[in-house]
Amino acid sequence: SPAACVLVDCLSLWVTNRLLEHGEAPSPNDRIPIEAQLEAMRQSVPEMSSSGLAQAELQTWLTGLAERNGLLAPRVRVETTIDVPGHPELWQVLARLDVEGTDAALAPLLEALAAARPWIQTAVMDVQRTLAGSGGVRLGLLARAYYRKPSEADGDAAPQVAAPASEMLQAPDAVQAPETV
């Protein structure tokens, strides 16, 4: 399925990046079993105790990201939360961000969006000039974020919530979103 292909591609990228972060080059002779890599990747997906909290997390992350980069009047609308086909343990949250600003303010926002992959992705982006020669831009984008549902093994106990997406990014301080509560 397409979702499974995306997860496998993300897994490969994630493992390679982790090895390179520790100064190691990936080697075919020194591979962690694929199941262990996939489980490590699954555990890196932020866990939320409800779809509403997942929606709030994405809304907070997008708003904070825009505000920290000096973009004006960020408007974030959470569109929907759906189950990921073929992965019943995941939610996909879709949200729309509309902002205005300058070329200079837009660049770090785009860098942060790229750094947020694979758990936050930009599905559609529309950038328009507001006035010729002014350097002003209007940005509209549709983002999708992935969150883990609470573990069923916890039973009646409250689920342990993983670090929110905003804390998982390793982008510079200028482009990181604030921590959420």
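Residues numbered from 1 in each chain as written. Predicted model: local features only at pLDDT ≥ 70, side-chain atom pairs only at ≥ 80, totals over all residues. Heavy atoms only, no water.

### A word on the nonpolar core
- Judged by nonpolar contacts, the single largest core of 27 residues is most densely connected at Leu 58, Trp 61, Leu 62, Leu 97, Leu 109, Leu 113 and Tyr 147.
- Among the secondary structure elements, those contributing two or more residues to this core are helix 3 (51–68), strand 2 (87–102), helix 4 (103–115) and strand 4 (136–148).
- Residues contacting Leu 97, with those up to four places away along its chain left out, are Leu 62, Ala 66, Pro 74, Arg 75, Val 76, Leu 139, Gly 140 and Leu 141.
- Among the nonpolar cores identified, the runner-up in size contains six residues, and Met 41, Val 84, Trp 119 and Tyr 146 belong to it. (Core = buried A, V, L, I, M, F, W, Y, C linked by side-chain atoms within 4.5 Å. Buried < 20%, exposed > 50% of the residue type's maximum accessible area, 1.4 Å probe, protein only. Helix = DSSP H or I, 4+ residues; strand = E, 2+ residues; numbered from the N terminus. Contact = heavy atoms within 4.5 Å.)

### Brief notes about the environment of Pro 118
- Along the chain, the position of Pro 118 falls in the loop between helix 4 and strand 3 (120–129).
- For Pro 118, a relative accessible area of 14% puts it in the buried group.
- Separated by 28 residues in the primary sequence, Pro 118 and Tyr 146 have C-alpha atoms spaced 8.4 Å apart.

### A word on the side chain of Gln 121
- Mapped onto the elements, Gln 121 comes out in strand 3.
- Its relative accessible area of 5% is what places Gln 121 among the buried residues.
- Of the polar contacts made by the side chain of Gln 121, one reaches the backbone oxygen of Pro 118; its length is 3.1 Å. (Polar contact = N/O pair within 3.5 Å; in protein donor to acceptor, adjacent residues only side chain to side chain.)

### Some words on the environment of Ala 112
- On the secondary structure map, Ala 112 appears in helix 4.
- The exposure class assigned to Ala 112 is buried, which follows from its relative accessible area of 1%.
- Sequence separation of Ala 112 and Leu 65 is 47 residues, and the distance between their C-alpha atoms is 7.9 Å.

### Some words on the sheet that holds strand 4
- Pairing in this open sheet of four strands is antiparallel, and the strands run 1-2-4-3 from one edge to the other. What marks the edges here is a single partner per strand, and that holds for strand 1 (72–84) and strand 3. With strand direction ignored, the average angle separating the axes of adjacent strands in the sheet is 15°.
- Inspection of the sheet shows strand 2 paired to strand 4 by 13 bridges, in the antiparallel sense. In the sheet register, Leu 94 faces strand 4, and the bridge partner there is Arg 144. (Pairing = 2+ DSSP bridges. Axes fitted to C-alpha atoms, helices over the stretch in contact; angles between N-to-C directions.)

### Examining the confidence of the model for the protein
- Averaged over every residue, the pLDDT of the protein is 76; residues scoring 70 or more account for 64%.
- Looking at the elements of the protein, mean pLDDT is at its lowest for helix 5 (residues 165–168), recorded as 45, and at its highest for helix 3, recorded as 94.
- The low-confidence segment residues 1–5 (pLDDT under 50) makes four contacts with residues lying over four places distant or belonging to another chain.
- Low pLDDT, under 50, characterises residues 155–181; the predicted model gives this stretch 58 contacts beyond four residues in sequence or across chains. (pLDDT = per-residue confidence, 0-100.)

### Concerning unusual backbone geometry
- Residue Pro 118 follows Arg 117 across a cis peptide bond; omega there is 10°.
- Phi at Ala 73 takes a positive value of approximately 45°, unusual for a residue other than glycine.
- Judged by its relative accessible area of 51%, Ala 73 is exposed.

### A word on the pattern of salt bridges
- Using the criterion set out here, one finds six salt bridges in the structure.
- Each of Arg 77, Arg 96 and Asp 98 takes part in one network of salt bridges that share partners. (Salt bridge = Lys/Arg side-chain N within 4 Å of Asp/Glu carboxyl O.)

### A look at the packing of helix 3 against helix 4
- Two elements in contact, helix 3 and helix 4, have axes whose closest approach is 9 Å; the angle formed by their N-to-C orientations is 145°. Two packed elements cross with a definite hand, and for helix 3 against helix 4 that hand is right-handed. Touching Trp 61, Leu 62, Leu 65 and Ala 66 of helix 3 are Leu 109, Ala 112 and Leu 113, all from helix 4. (Left-handed = near helix turned anticlockwise from the far one by under 90°.)

### Here's the deal with the pairing of strand 4
- By the criterion of burial, strand 4 is predominantly enclosed, with 10 of the 13 residues buried.
- Looking at chain direction, strand 3 and strand 4 are connected through nine bridges and run antiparallel. Looking at the pairing, Gln 121 lines up with Arg 144 of strand 4.

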